[in-house]
Amino acid sequence: MKPAVVLGSGLAGYTLVRELRKLDRDVPITLITRDSGDYYSKPMLSNAFAQGKTAANLVITTASAMAGQLGCSLLPHTDVLHIDRERRQLRTASGVIGYERLVLALGADPIRLPLQGDAAAAVKSVNDLADYAVFRGAIENAKHIAIIGGGLIGCEFANDLASAGYAVTVIDPTAYPLSGLMPESAGKQLLAPLAALGVACRFGVAVKAVNKHAAGYALTLTDDSMLHCDAVLSAVGLRPRIGLAQSAGLAVNRGILVDAQLRSSDAAIFALGDCAEIEGRVLPYVLPIMHAARALAQVLSGNDVRVEFPAMPVVVKTSAHPIAVLPVTRDAVGDWKLLANGHGIKLGFVDAQDQLAGFVLTGEYATERNAMSKQLGTIVAR
Amino acid sequence: MKVWQCVVCGFIYDEAVGLAAEGIKPGTKWADIPENWACPDCGVAKADFEMVEL
C-alpha cells in the first residue's frame, strides 16, 4: 500500500500527522521535510531571545523521536523537486517516492522588499528554527537592531529583543503599529510601552537602502534620514509557497487553492497551513492550522467532514502591552466602537446588523479574549 | 501533581501551581479543567496539551 505522504514538518505537517494517527493507527505515513524535522514551537521564535534560548533549546522533540511517537517514516533534509500527478510519484533529491494521497504543508517564504544598497542581502528574516539560529549568531555582538516592519511579527520581535537588552528601532511606512489588524486608536497603545522598553518607533517612513557602514549598517530611509545599526531584521509578511503545486498544474492563487475539505484541484492532493488558500482565505495563524489539521485527518480517514473555523482571536505576544484581536476583513461594513479605556483599550466592531463582529483588547483587557469571543454575534448598543 | 505542556507554544500548566490569572486554584488537576479551556498563550484547545516530565 502506498503511503499518505506529508510534505513539511512545521506545525501544519506535524499536527496533521498527529491527528491522523489518532484516527488511524495503521495507515502508512511518510513525512518529507527540507528541514531537520525537529519539532519546535514556531510562536516561540518571536519571544525566545528574552528567555536566552538557543535554537537547540527550542527543540521540543527531535525528528527521530517524532517519527517514533507518530509511527511514520521521516525523510529530513530532502527537497521535493516535482510532483508527477499521473503516476502519483514525487521526485526528490534522493529518489522517487510514490503516494496514495499527498498533503502539502509547505509553509510560506518571508517577503523580501526590494532594497537598494550594498548590504541589502545582509537583511535577515526569521520564519523557522534554522533562520532563528542564523539570526541569533548574527546579533551576538550587536547592540542596535533595526526591524523593518511594524506588524505582528515585527512588534513581537521588537518587544523580545528589547527585553533581551538590545536597542531596537522599528521602521514601517504605515501610520502606526499593527495597522493591518486594528484601527489606529488600538495600535498606537503599543507605542509608549515599547518606547519604555527601549524601542524607537519610526512609523510613516520606509527603508530605501541598506549599506555597509563601519562594522554595521547604515539605513537610508524614505525621508532621506539615516539610521545606523548592527543588524537588520525584516518582518514584512509571508508569501505562501506555491511553486511546487503550480509547476504540477494545481490551481493556485495567493496560496494553493483548496476547498473546505482541504482538497486541491487534484482529488488526491491536499494542502493546509501557510501554503494553503482555504475557500479563498489565507489563514496564517496557529488556530486555523489546528482546525484544518483536524478536519483533514477526518477527510483522509474517509469521513465526510468540512473544516469550520470558529472565532479565532490572534494574540500579539508583546509582553510590554499584550494584545488580542479578532480582526475584521478590510471590506467589512460597520464601525469600531470604544467599549472601555483604561490601561489599554477595548474596541468592538459593530456590523451593519448592530452585532459584534470583531474586537481588539489591549493591555489590561487582553485577558478577556474568550469572554469577548462568546459575545460575537450579540447585539451591541450604538 | 503533574505538569502539562502546550504542544503548540510551549506554555506550561503545573497542577501544583494552578493558574491564578484564570481563576484556577493551585492543586487543580488537569482532568478538572473544563474541556473548553484554551491555552492562555496561543489559544489552542486543552486536547493539544501533553503531559511532560520536568
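Residues numbered from 1 in each chain as written. Chains lettered and ligands numbered in written order. Predicted model: local features only at pLDDT ≥ 70, side-chain atom pairs only at ≥ 80, totals over all residues. Heavy atoms only, no water.

Participant: What is the right way to look at the interface of chain B and chain A in this model?
Facilitator: You'll often see interface size given as the accessible area lost when the parts meet. Taken together, the contact between chain B and chain A spans 15 residues of the former and 16 residues of the latter. Here chain B packs against chain A, burying approximately 1100 Å² in sum over the two surfaces, 50% of which is carbon and sulfur. Of all residues in chain B, V7, V8 and D48 of chain B bury the most surface against chain A, accounting for 37% of the area lost on that side. Run the count over chain B and chain A and you get one salt bridge. The partner of D48 of chain B in a salt bridge is R294 of chain A, and the shortest N-O contact between them spans 2.4 Å. (Contact = heavy atoms within 4.5 Å. Buried area = accessible area lost by both parts, 1.4 Å probe. Salt bridge = Lys/Arg side-chain N within 4 Å of Asp/Glu carboxyl O.)

Participant: Please clarify how the pattern of salt bridges should be interpreted in this entry.
Facilitator: Pairing between side chains of opposite charge can happen when their charged atoms approach one another. Going through the model one piece at a time under the given rule, you end up with 13 salt bridges over all chains. A salt bridge links R85 of chain A to D266 of chain A, with the nearest nitrogen and oxygen atoms 2.9 Å apart. Of the two residues, R85 of chain A is situated in the loop between β6 (80–84) and β7 (89–92) and D266 of chain A in the loop between β19 (256–258) and β20 (269–271); the sequence distance between them amounts to 181 residues. Given a relative accessible area of 30%, R85 of chain A falls into the partly exposed group. A residue is classified by how much of its surface remains accessible, and D266 of chain A, at 13% relative accessible area, is buried. R241 of chain A is the partner of D109 of chain A in a salt bridge, and the nearest nitrogen-oxygen pair spans 2.8 Å. Residue D109 of chain A is located in strand β10 (residues 108–110), and its partner R241 of chain A is located in the loop between β18 (238–240) and α8 (243–247); the two are separated by 132 residues in the primary sequence. Overlapping salt bridges, with partners in common, bring together E19, K22 and R294 of chain A together with D48 of chain B in one network. (Helix = DSSP H or I, 4+ residues; strand = E, 2+ residues; numbered from the N terminus. Buried < 20%, exposed > 50% of the residue type's maximum accessible area, 1.4 Å probe, protein only.)

Participant: I tried to follow the pairing of strand β12 (residues 167–172) of chain A on my own but got confused; where do I start?
Facilitator: A regular strand places its side chains so that they alternate between the two faces of the sheet. Residue and element names in this part refer to chain A. Among the six residues of β12, five are classified as buried, and the element is accordingly described as predominantly covered. Direction of pairing for strand β11 (residues 144–148) relative to β12: parallel, over a ladder of five bridges. Of the residues in β12, the one forming a bridge with I148 is I171. In this view, the connection linking β11 to its parallel neighbour β12 by way of helix α5 (residues 152–163) has right-handed handedness. (Pairing = 2+ DSSP bridges. Right-handed = clockwise from strand over helix to strand, strands pointing away.)

Participant: Just to check I follow, could you spell out helix α3 (residues 63–70) of chain A for this structure?
Facilitator: Residues and elements named next belong to chain A. A63, M66, A67 and L70 are the residues of α3 that are buried. The arc enclosing the buried residues of α3, seen along the axis, measures out at 100 degrees, which places them on a common side. With respect to the buried face of α3, the exposed residues turned more than 90 degrees away are S64, G68 and Q69. Buried positions along α3 lie against α1 (11–23), β3 (39–40), β4 (59–61) and β5 (73–75). Two residues or fewer past α3, G71 is found with a positive phi of approximately 60 degrees. (Arc of directions from axis to C-beta.)

Participant: I would appreciate a short explanation of α5 of chain A in the present structure.
Facilitator: Note that an α-helix has 3.6 residues per turn; residues three or four places apart therefore point the same way. Residues and elements named next belong to chain A. Look at α5: 17 Å from first C-alpha to last across twelve residues, which is about the 16 Å you get at 1.5 Å a residue. In terms of burial, α5 is a largely internal element, ten of the twelve residues being buried. Residues of α5 that are buried include every one of L152, G154, C155, E156, F157, A158, N159, D160, L161 and A162, and no others. (Expected span 1.5 Å × (residues − 1).)

Participant: Can you walk me through the sheet that holds β20 of chain A in this structure?
Facilitator: Pairing between the strands of a sheet is mediated by backbone hydrogen bonds and can be parallel or antiparallel. All names here are of chain A. Read from one edge of the open sheet, five strands run β5-β2-β1-β9-β20, paired in parallel fashion. In this open sheet, the two strands that pair with only one neighbour each are β5 and β20. Between one strand axis and the next, the sheet turns by 20 degrees as a mean value, whatever way the strands run. Summarising the sheet, strand β2 (residues 29–32) and β5 pair through three bridges and their orientation is parallel. Paired with L31 across the two strands is L74, which belongs to β5. Contacting β1 (4–7), β2, β5 and β9 (101–104), α1 runs over the sheet at an angle of about 170 degrees to β2. The strands touched by helix α9 (residues 286–300) within the sheet are β9 and β20, with β9 carrying the most contacts at an inclination of about 170 degrees. (Axes fitted to C-alpha atoms, helices over the stretch in contact; angles between N-to-C directions.)

Participant: Can you walk me through the packing of α1 of chain A against α9 of chain A in this structure?
Facilitator: Packed helices, taken two at a time, are described by their axes: the angle between them and the distance between them. Residue and element names in this part refer to chain A. Where α1 contacts α9, the axes come no closer than 8 Å and their chain directions differ by 40 degrees. As far as their axial angle goes, α9 and α1 are oblique. Considering the relative orientation of α1 and α9, their crossing is right-handed. In this structure, α1 contributes L11, A12, T15, L16, E19, L20 and L23 to the contact, and α9 contributes V286, I289, M290, A293, R294, L296, A297, Q298 and L300. Taken together, the residues of the contact of α1 with α9 sort by class into twelve nonpolar, two polar and two charged. (Parallel < 35°, antiparallel > 145°, perpendicular 65-115°, else oblique. Left-handed = near helix turned anticlockwise from the far one by under 90°. Nonpolar A, V, L, I, M, F, W, Y, C, P; charged D, E, K, R; others polar.)

Participant: Just checking my understanding: could you explain the pairing of strand β15 (residues 216–221) of chain A for this structure?
Facilitator: Residue and element names in this part refer to chain A. Among the six residues of β15, six are classified as buried, and the element is accordingly described as predominantly covered. Two strands pair when backbone bridges link them, and strand β14 (residues 207–213) and β15 are joined in this way by six bridges, in the antiparallel orientation. Considered in β15, the bridge of H213 is made with G216. Connecting the antiparallel pair β14 and β15 is a turn made up of two residues, with A214 showing a positive phi of about 50 degrees. One ladder, built from four bridges, connects β15 with strand β16 (residues 226–229); its direction is antiparallel. When the bridges of β16 are listed, L219 appears paired with L227. Linking β15 to β16, which pair antiparallel, is a turn of four residues; within it D224 sits at a positive phi near 70 degrees.

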